[in-house]
Amino acid sequence: MAGETVITVVGNLTADPELRYTQNGLPVANFTIASTPRNFDKTANEYKDGDALFLRASVWREFAEHVAGSLTKGMRVIAQGRLRQRSYQDREGNQRTAIELEVDEIGPSLRYATAQVTRAAAAGGAQRTNAAPTASEEPWATSSAETPAWGGGSFGDDTPF
């Protein structure tokens, strides 16, 4: 990913994500995130909204189906991804440039809301809902027999940081 522009955007969805399928059957979800800066105006002694940024975004494959099934219009989301620029010709023949966000990660913001997460079914596996993952399901988990190089699982005075 060297040279790619990675950004994080916090904003609200302007509409439900639109789930479509390519001719090859590949799912893609498109949506727009509106992000409006809010600054305190000392002279008026109140907060004022700045100019909104409307950023088109897309997700692909199974991720697209997850987004379309989970996120709805008006939800506050946190999205991280790579900016993509593409050029095209409009109906009048004018050359146009669009900048879009190819989303790598997205989820609801929990600043003003709560969320209930349901783990998606793995390919060929059964779906588990609201259950804590077991150590064998998480690649970063360690068994009780394994101990970190710094000497233990508790965070006492011997931690390396």
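Our subject is the structure listed above.
Residues numbered from 1 in each chain as written. Predicted model: local features only at pLDDT ≥ 70, side-chain atom pairs only at ≥ 80, totals over all residues. Heavy atoms only, no water.

Here we look at the overall build of the protein chain
Phase 1: Across its full length, the protein chain carries one helix and eight strands.
Phase 2: Reading the secondary structure of the protein chain in the N-to-C direction produces β-β-β-β-β-β-α-β-β.
Phase 3: For the protein chain, buried positions account for 21% of its 161 residues.
Phase 4: Considering only intrachain contacts with a sequence separation of at least 6, the fraction spanning at least 24 residues in the protein chain is 54%.
Phase 5: Carbon and sulfur atoms form 48% of the exposed surface of the protein chain, whose accessible area is close to 11,900 Å². (Helix = DSSP H or I, 4+ residues; strand = E, 2+ residues; numbered from the N terminus. Buried < 20%, exposed > 50% of the residue type's maximum accessible area, 1.4 Å probe, protein only. Contact = heavy atoms within 4.5 Å. Areas by Shrake-Rupley, 256 points an atom, 1.4 Å probe, with all protein chains shown as cover.)

Overview of the pattern of salt bridges
Phase 1: Under the counting rule described, the total for this entry stands at 11 salt bridges.
Phase 2: Glu4 is the partner of Arg82 in a salt bridge, and the nearest nitrogen-oxygen pair spans 3.8 Å. Pair noted here: Arg82 is in strand β7 (residues 76-89) and Glu4 is in the segment before β1 (6-13), with a separation of 78 residues, a long-range link.
Phase 3: Judged by its relative accessible area of 12%, Arg82 is buried.
Phase 4: Note on Glu4: relative accessible area 28%, which makes it partly exposed.
Phase 5: Linking Arg84 and Glu102 is a salt bridge whose minimum nitrogen-to-oxygen distance equals 3.3 Å. One end of the pair, Arg84, is in strand β7; the other, Glu102, is in strand β8 (residues 95-108), and 18 residues separate them in sequence. (Salt bridge = Lys/Arg side-chain N within 4 Å of Asp/Glu carboxyl O.)

Observations concerning the pairing of β1
Phase 1: In this sheet, β7 lies alongside β1 in antiparallel orientation, the contact comprising seven bridges. Bridging across to β7, Val6 finds its partner in Arg82. (Pairing = 2+ DSSP bridges.)

Digging into the pairing of strand β3 (residues 27-35)
Phase 1: Of all the nine residues making up β3, nine are buried; the element is thus mostly covered by neighbouring parts of the structure.
Phase 2: Neither face of β3 is left uncovered, since the one carrying Pro27, Ala29, Phe31, Ile33 and Ser35 and the one carrying Val28, Asn30, Thr32 and Ala34 both have all their residues buried.
Phase 3: Inspection of the sheet shows β1 paired to β3 by two bridges, in the antiparallel sense. By the bridge assignment for β3, Leu13 is matched with Ile33.

Concerning the nonpolar core
Phase 1: Judged by nonpolar contacts, the single largest core of 16 residues is most densely connected at Phe31, Ile33, Val59, Leu101, Val103 and Ile106.
Phase 2: Of all the secondary structure elements, the ones that give two or more residues to this core are β1, β3, β6 (53-60), α1 (61-70), β7 and β8.
Phase 3: Leave out the neighbours within four places in its chain, and Phe31 touches Leu13, Pro17, Leu55, Arg56, Ala57, Val59, Val67, Val103 and Ile106. (Core = buried A, V, L, I, M, F, W, Y, C linked by side-chain atoms within 4.5 Å.)

Points about the side chain of Asp90
Phase 1: Of note, Asp90 is situated in the loop between β7 and β8.
Phase 2: Exposure remark for Asp90: the relative accessible area of 16% places this residue in the buried category.
Phase 3: For Asp90, the side chain forms a polar contact with the main-chain nitrogen of Asn94, separated by 2.7 Å. (Polar contact = N/O pair within 3.5 Å; in protein donor to acceptor, adjacent residues only side chain to side chain.)

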